[in-house]
Structure formats: structure tokens, C-alpha cells
Amino acid sequence: MHSLFAKAARFRLLALGLPALLVLGPPAVLALGTGGAGTPAGASAVPYLDPAVPVAARVDDLLSRMSLDDKLGQMTQAERRYVTPAEAGKYRIGSILSAGGSAPKPNTPEGWADMYDAFQKGALSAPLRIPMMYGVDAVHGDNNVVGATIFPHNIGLGATRDPALVRDIGAATAEEMTATGVDWDFAPCVCVARDDRWGRTYESFGEVPELPSAMTTLIDGLQGGKLGGPSSVLATAKHFVGDGGTEDGRDRGDTEISEKDLRAVHLPPFQEAVRRGVGSVMVSYSSWNGVKMHANRYLITDVLKGELGFTGFVVSDYEGVGRIDGKPDLTKEEVAKAINTGIDMVMVPEKWKEFIADLRAEVKDGTVPMARIDDANRRILTKKVQLGLFERPLADRSGLRTVGNAAHRALARRAVAESQVLLKNEGVLPLRRGGKIFVAGRSADDIGMQSGGWTVTWQGSPGKTTPGTTILEGIRQAAGETSKVAYDRDGKGIDKSYGAAVAVVGEKPYAEYHGDRPDGLALDDEDLKTIDRLRASGVPVAVVLVSGRPLDIASQLGGWNALVASWLPGTEGEGVADVLFGDARPAGRLPVTWPRDGDQEPINAGDGKKPLFPFGYGLTYGG
Ligand code: GLC
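Since we're looking at a predicted model, the values are computed, not measured.

Engineer: How would you summarise the overall build of the chain if you had to cite specific residues and measurements?
Structural biologist: Per the secondary structure count, the chain includes 21 helices and 17 strands. Against the compact-globule benchmark of 25 Å for 623 residues, the chain has a radius of gyration of 26 Å, which places it among compact chains. Seen through its principal axes, the chain has C-alpha atoms that stretch 90 × 50 × 40 Å. By the burial criterion, 63% of the 623 residues in the chain qualify as buried. Within the chain, residue pairs in contact and separated by at least 24 positions form 76% of the contacts whose partners lie at least 6 positions apart. Side-chain charges in the chain split into 70 positive and 78 negative, and the spacing between the mean points of these groups amounts to 3 Å.

The structure is reproduced here in C-alpha cells:
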């Protein structure tokens, strides 16, 4: 029996003048022929495997050959720790992900490429040989991989006001990713952070929609001019929609605003991402006026896919479907709800077998129409064809030497320098060479602290987590032979003989809800003691704040001679030193309003509140 797709496929092939001699038989029955890289063993080059055939015709042909199990598998994304390569083939798994920090051993670029290829060969062992996609959170460089270039987090990139730079960062990130095989990036986060107490504020480019919208150039960098080009990965606009607007900045909370405000503040970056051809959109854990986004058919199907015309595919967040009812277990009802809402692929890291069984049952009893399954598959398969995965399913290891290379680190250093925001300066900056400089602070000589969350591990951590240059090392390099640079983490040993002191302090790494700070944004005692020790010496003190957001420092600012918001600069600490010594003029401008007092949160441009520093504020040297 010819499915509708079979007839459509034959028609399309005939219309293209292609020999439709092939018997578009029942699923997984292929004409005999010679095997090839992307060709099923023992099968001839059939339309869906022929790159000369238009994408839509290839997808039609493939759909016409797929069984229900093939289609259910394509909508399933499992986490690497809970699936084997053999299962990837047996269950026709469409995608596998690494959750934050979920890395192969050894965690090296080659180790990643070996892991990717093993899973891919597993997926290709299925009869139709549909390649899987591998997704990671490369949110500031290919940050799960030890040795990768770690760029500033988005809040710092928002301070640069430089969309072209952000595009180049996307291209460099894609280069380092594809070298390891990975072909899908859960980035950019285009959230609009409205309350700095939110643990994901640093993943936002800024508090007004214009900034994340402008920085969707990251999508162009990641995907390349056209999907499937050299070093092209699928980008993801996330998290749809309103994740940055929840009450009290609570991660995964409820965004209680009118549709007018939702459309004015949180939707524009997605409109721009869709306009730029983003390949996927990830749904937010948060709710809108009490309705979970994972169950919001109006916004996902009617607005995103209908009104905005999004033709890529929608992926759930991690176990997001299982949380629709507020409880952690996955239910058949939640599966049906999510798929009928318009979610095309479900990130179901551990319970993926349960998901497939539930969805099969829901299709068989008609709760989920086959048309919805086919639409989801069409969207997913179109991206796989466009990415060129059928032709080049395995890692292209020729790019391995780009991981952490000098060119990418130089780009990151430039991004760091452009992201620094000078908020106060009584003349202690720029630092003068040839004198004595005292450096202190727990964030001065620590790659982990200056990189923040989503660095090698999900939460990030202090310490030598990955190769790079600390801010102290950058200061030492910039100071040169004519200067004397002393360092003590606590500031002990400083005396009047020093011309300037630099205190590098701020926040310890965190990610997501672990970074929610509903109780205030003050500096902690350790940092305050360090600064006080420096001030007691009478030496002018420049404070460099390494944090994922504005902190509550108004009451201390009077005693500081200079303040630089450094954000979370990543592995290239020299970029901070470039600004401190004036080798790069400070040009960064606040991407978020800086509160006078933590109790002012949420505080944003135009809300009538009186901040310490307004959105867009930033000083430079000599003017
Ligand atoms: C996380 C995050 C999301 C990320 C996903 C996969 O919980 O919300 O941003 O892409 O899971 O790691």
C-alpha cells in the first residue's frame, strides 16, 4: 500500500525528471544496489540519499519508507550516559545530547570525536541509516571540552554592543565543535533578563529585547551562511518564551505579564532568530501566567510556527515534558500534551524508552494524530539533510587543531577587552608600567572563577579547570619587566610602597537555579575583607568585579578608587589586563541596569527607578 508520502515522493521525483523507477515499497524495503558512505548496505542510491535531489523530495522519499518506530525514534533525544550506540540503532534514536559537563573519558577533542563516531555508527546501523544529531550547550565556546577556547558569557558580549564580533565567536565555536563531530548547539540563549536575581542573567545579552535581537548574529556564525557548509552546526534559540521575566527572577518560575508585554519584551529576539533561519528552538521550563511553556500550544504552534513562520524544529528542555504536571515522573498524558502542543523532539535523557512506548500508544489510540508525527519528522529530517549529515555522518577530524588555537584565543581576548565596563575611575587607571602593583582577590588567579558556569562541568568550579590565562597572569604579562607585580589572594603584605592595588573579586561559578539569589546580591565577606585590607594601606584600589550580573556594591563604592565590571571573561584574562593598562580603551556599556540597592530588583531601563548606574553607562580613559 503506497502511503500518501510514497505517492507524493513519486510525483515529486517524476516532476523533477528523476527516474521514479524505484519501488517505493513499504518501510525499510530498499532496491538492491551498491553500498556507499550514506547508502544503506546493499541498496542503490535512493532519492533520500542523493544530494542532487532537492531537500523536500529527499525528506518525502525518506518519510515514505519510515515505519512508525522509525518516526518515534527520530523524535527522541537521549543523554549519552543512558543510551548505548547499539540502542541508538535498535531504537532509531534521532538525537543524543551531552548534558552540561557530560563528557567522554578522556575529555579531549579526540575523545569527543571517538564518542560521536561510536554513537553515529550505532545510529547508522538501523535499516534506513538515518544519522543522529549530537547536541551540546556550547554557550561560550565549546565549553564542555577541556582545552577549548572559552569566550565571555553573553552578558559580557552584550556589553560590547558588537554583533559582528558575536558572529565571529559563533563561527569559531562551530569550528571547534565540528572538529569533535558535534553538530548541534543549544545556543544562543536569547532570553531578556529582567531581574538580576535570576541565576541565568549571565546567559542573557541584556535586559532590553534589542540586545539579544542584535546578537542573534551568533546564529549566522554557528550555522554559517547556509546550513551544511564547512564548520556548520545547528543553532538553537532558547528558551521559548519569557524565561527571563519570571517573578522575583526565580529560574523556571512564572512570567506573570500581559500578552502585550510578552510580545514587546520577550518575543522579538525569537522573531529575529527565525528571520535568520535558526534551525531549532528550545522550549522554556518557565510558565506564562500559570501555563507551562511545554504545554502552551498557542505560543508554540500558533505564534512560533504559525505567526513567526518557524520551519525548523522545536525541542523540549531537559526532562521538561515530564515536569508539565509539576511532578518529575513522565506520563502518557504529558507526552501527548507536549507533542500536540507542537514540540517535535523531546529531550528525555533517561526515560527515552518509556517516552517511545507512551508516544506509540498515544498514536495508536489516536490521541496524537499521525499528521503531527509526520510534521515533527519532516522538520527534524529537513535539518539533518540540510546539515549534510547523510553525506558526512562522521566527525571531520581535520579541524581538531582549531580547538583552543591561537586565532580563537586572540578573538576571545578581543571580546574580553571589548566587554569590560569602566564604572568609576579617580585616576588609578590605566595602571602605569614601571611601578609597583599589588594584586589580590580570590578571582585574580583562577581560570574557573573567571569562566563561570557551563565550563567543563555544568556548574563550573574554581581552579585550573582548563588551559587559559588568568587575570593575574595577564596583568603580569602586560606590566612587563619594568614593573613589580605582587599577589596575595587576601591582600596580605601590601604597604605604602605600592602605586596601585587591584582587587579581583566577585561570584563563584553557578548555573541555572543554583545561581538564583532571591536574598540579595551583596559581595561576600571574603571579598569585602580583601578590599578593606588593601584600602587600609592607603594605596589607591581598583576593583575588578568578576560576576554574572550587577552586584549590590553601592555602600562600598565610595571607598574604591576605580571599578571595572569584568563579567565572566572566560579563558583569556589578558583581555582584562589590556584595558587595565590602557592598551585597549574601555568601551563596554552596561547591558543591564545596575541597582543602587538589591531591593530595587527588578530594575530596568525606563521603569522610573533611580539606579546606581543606568543601562548603557560606561566610562573610558581621558573622557
Ligand atoms: C538545561 C537548560 C538548557 C540546556 C539543557 C541541556 O536544563 O535549561 O539551557 O540546553 O538543559 O543541557
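Let's pick the thread back up.
Engineer: Go over the UniProt feature "domain: Glycoside hydrolase family 3 C-terminal" (unreviewed entry) in the chain, please, and point to the residues and values.
Structural biologist: The positions UniProt marks with the feature "domain: Glycoside hydrolase family 3 C-terminal" (unreviewed entry) are residues 421-621. Structurally, residues 421-621 comprises 18% helix and 15% strand, and the distance from its first C-alpha atom to its last is 11 Å.

Engineer: Mind laying out the site of the ligand, listing which residues take part and the relevant values?
Structural biologist: The ligand sits among Asp137, Phe186, Arg200, Lys238, His239, Arg252, Met282, Tyr285, Asp317, Tyr318, Met347 and Glu512. Note that an oxygen atom of the ligand is positioned 2.9 Å from one of the side-chain N or O atoms of Lys238. Taking His239, its side chain carries an N or O atom lying 2.7 Å from an oxygen atom of the ligand. Relative to its unbound accessible area of 310 Å², the ligand is 97% covered by the protein chains. Here the residues of the shell around the ligand are counted per class, giving 5 nonpolar, 1 polar and 6 charged.

Engineer: Talk me through the nonpolar core; I want residue IDs and the actual numbers.
Structural biologist: By size, the foremost hydrophobic cluster in this structure holds 170 residues, and its most contacted members are Tyr134, Phe240, Leu359, Leu429, Ile553, Leu580 and Trp594. Top element by residues in this core is helix α7 (residues 163-179). It accounts for 7 residues. Both of domain 2 (46-398) and domain 3 (406-600) provide at least three residues apiece to this core. Not counting residues within four places of it along the chain, the set of residues in contact with Leu580 comprises Leu429, Pro430, Leu431, Ile475, Val502, Val544, Val564 and Tyr621. Judged by nonpolar contacts, the second largest core, of 12 residues, contains Val59, Leu62, Met66 and Val385.

Engineer: Tell me what's going on with the sheet that holds strand β10 (residues 313-315), and back it up with residues and numbers.
Structural biologist: The sheet built from 3 strands is open, its strands ordered β5-β7-β10 with parallel pairing. Each end of this open sheet is capped by a strand with a single partner; those strands are β5 (236-240) and β10. Across the sheet, the mean angle separating the axes of adjacent strands is 25 degrees when strand polarity is ignored. Relative to β10, strand β7 (residues 280-283) is paired through 3 bridges, and the arrangement is parallel. Paired with Val281 across the bridge in β10 is Val314.

Engineer: With reference to specific residues and values, describe helix α14 (residues 352-364).
Structural biologist: Spanning 13 residues, α14 covers 18 Å between terminal C-alpha atoms, matching the ideal 18 Å at 1.5 Å per step. Those residues of α14 lying buried are Trp352, Phe355, Ile356, Asp358, Leu359, Glu362 and Val363. The buried side chains of α14 occupy one side of the element, clustering within an arc of 165 degrees when seen end-on. In this structure, the buried residues of α14 make contact with α3 (68-74), β1 (76-79), α4 (85-90), α13 (332-341), β11 (346-347) and α15 (370-387). Just downstream of α14, Gly366 is the residue with a positive phi angle, here 85 degrees.

Engineer: Now, about empty space enclosed by the protein: what can you tell me, with residues and values included?
Structural biologist: Considering all chains together, one arrives at 5 cavities of 30 Å³ or more under this definition. Of the pockets and cavities examined, the largest cavity occupies roughly 100 Å³. Class assignment of the residues belonging to the lining of the largest cavity gives a composition of 6 nonpolar, 2 polar and 3 charged.

Engineer: Run through the domain arrangement of the chain, naming residues and quoting values.
Structural biologist: By the assigned domains, the chain splits into domain 1 (1-45), domain 2 (46-398) and domain 3 (406-600). Computed from C-alpha atoms alone, the centre-to-centre distance between domain 2 and domain 3 is 34 Å. Taken together, the contact between domain 2 and domain 3 spans 48 residues of the former and 45 residues of the latter. Summing both sides of the interface, domain 2 and domain 3 together bury roughly 3,600 Å²; the carbon and sulfur share of this comes to 57%. On the domain 2 side of the interface with domain 3, the three residues burying the most area are Asp196, Arg197 and Tyr202, jointly 17% of the side's total. For the pair domain 2 and domain 3, the interface holds 3 salt bridges. In this structure, Arg414 engages Asp162 in a salt bridge whose closest nitrogen and oxygen atoms are separated by 3.6 Å. Applying the counting criterion to the domain 2 and domain 3 interface returns 29 residue pairs in polar contact (both at pLDDT 80 or more).

Engineer: I'd like a description of the UniProt feature "domain: Glycoside hydrolase family 3 N-terminal" (unreviewed entry) in the chain, backed by residues and values.
Structural biologist: In the numbering adopted here, UniProt assigns the feature "domain: Glycoside hydrolase family 3 N-terminal" (unreviewed entry) to residues 68-382. Overall, residues 68-382 shows 40% helix and 10% strand. The separation of its end C-alpha atoms is 18 Å.

Engineer: Describe in detail the environment of Ala479, supporting the description with residues and values.
Structural biologist: By the element assignment, Ala479 lies in helix α18 (residues 471-479). For Ala479 and Ala577, which are 98 residues apart along the polypeptide, the C-alpha to C-alpha distance reads 8.7 Å. Ignoring anything within four residues of it in the chain, the contact list for Ala479 reads Arg433, Val485 and Phe581.

Engineer: How would you summarise the confidence of the model for the chain if you had to cite specific residues and measurements?
Structural biologist: When the pLDDT values of the chain are averaged, the result is 94; 93% of them are 70 or greater. Across residues 16-39, where pLDDT falls below 50, the model places 60 contacts with residues more than four positions away in sequence or in other chains.

Engineer: Mind laying out the side chain of Thr255, listing which residues take part and the relevant values?
Structural biologist: Relative to the helices and strands, Thr255 resides in strand β6 (residues 254-255). Once residues within four sequence positions are removed from consideration, Thr255 is found in contact with Gly242, Gly245, Thr246, Ser287, Trp288 and Asn289.

Engineer: Pulling in residues and values, what's your account of the sheet that holds strand β14 (residues 484-487)?
Structural biologist: With respect to topology, 6 strands assemble into an open sheet ordered β12-β17-β16-β15-β13-β14, the strand pairing being mixed. The open sheet is flanked by β12 (421-425) and β14, the only strands paired with a single partner. Shown here is a sheet whose adjacent strand axes are inclined to one another by a mean of 20 degrees, direction ignored. Note: strand β16 (residues 541-546) against strand β17 (residues 562-565), 4 bridges, orientation parallel. If you follow Ala542 over to β17, its bridge partner there is Ala562. The strands touched by helix α19 (residues 525-536) are β13 (436-440), β15 (500-506) and β16; relative to β15, the strand with the most contacts, the crossing angle is about 175 degrees.

Engineer: Go over the layout of surface pockets, please, and point to the residues and values.
Structural biologist: Considered as a void within the structure, the largest pocket measures approximately 390 Å³ in volume. Lining the largest pocket are 23 residues; nearest its centre among them are Thr178, Ser231, Ser232, Arg392 and Asp396. Here the element with the most residues in the lining of the largest pocket is α7; it accounts for 3 residues. Here the lining of the largest pocket is composed, by residue class, of 9 nonpolar, 10 polar and 4 charged.

Thresholds, definitions, all that
Residues numbered from 1 in each chain as written. Predicted model: local features only at pLDDT ≥ 70, side-chain atom pairs only at ≥ 80, totals over all residues. Heavy atoms only, no water. Helix = DSSP H or I, 4+ residues; strand = E, 2+ residues; numbered from the N terminus. Rg over C-alpha atoms; globule rule 2.2 N^0.38 Å. Buried < 20%, exposed > 50% of the residue type's maximum accessible area, 1.4 Å probe, protein only. Contact = heavy atoms within 4.5 Å. Lys, Arg positive; Asp, Glu negative; His and termini not counted. Charge placed at Lys NZ, Arg CZ, Asp CG, Glu CD. UniProt positions renumbered as here; feature names shortened; annotations may be inferred. Near = heavy atom within 4 Å. Polar contact = N/O pair within 3.5 Å; in protein donor to acceptor, adjacent residues only side chain to side chain. Areas by Shrake-Rupley, 256 points an atom, 1.4 Å probe, with all protein chains shown as cover. Nonpolar A, V, L, I, M, F, W, Y, C, P; charged D, E, K, R; others polar. Core = buried A, V, L, I, M, F, W, Y, C linked by side-chain atoms within 4.5 Å. Domains from an automatic or database assignment. Pairing = 2+ DSSP bridges. Axes fitted to C-alpha atoms, helices over the stretch in contact; angles between N-to-C directions. Expected span 1.5 Å × (residues − 1). Arc of directions from axis to C-beta. 1 Å grid on protein atoms, 1.4 Å probe; cavity = no way out; pocket = protein on both sides within 12 Å on 5 of 7 lines; lining within 4 Å. Points joined across faces, edges and corners; volume = space filled by probe spheres on them. Buried area = accessible area lost by both parts, 1.4 Å probe. Salt bridge = Lys/Arg side-chain N within 4 Å of Asp/Glu carboxyl O. pLDDT = per-residue confidence, 0-100.

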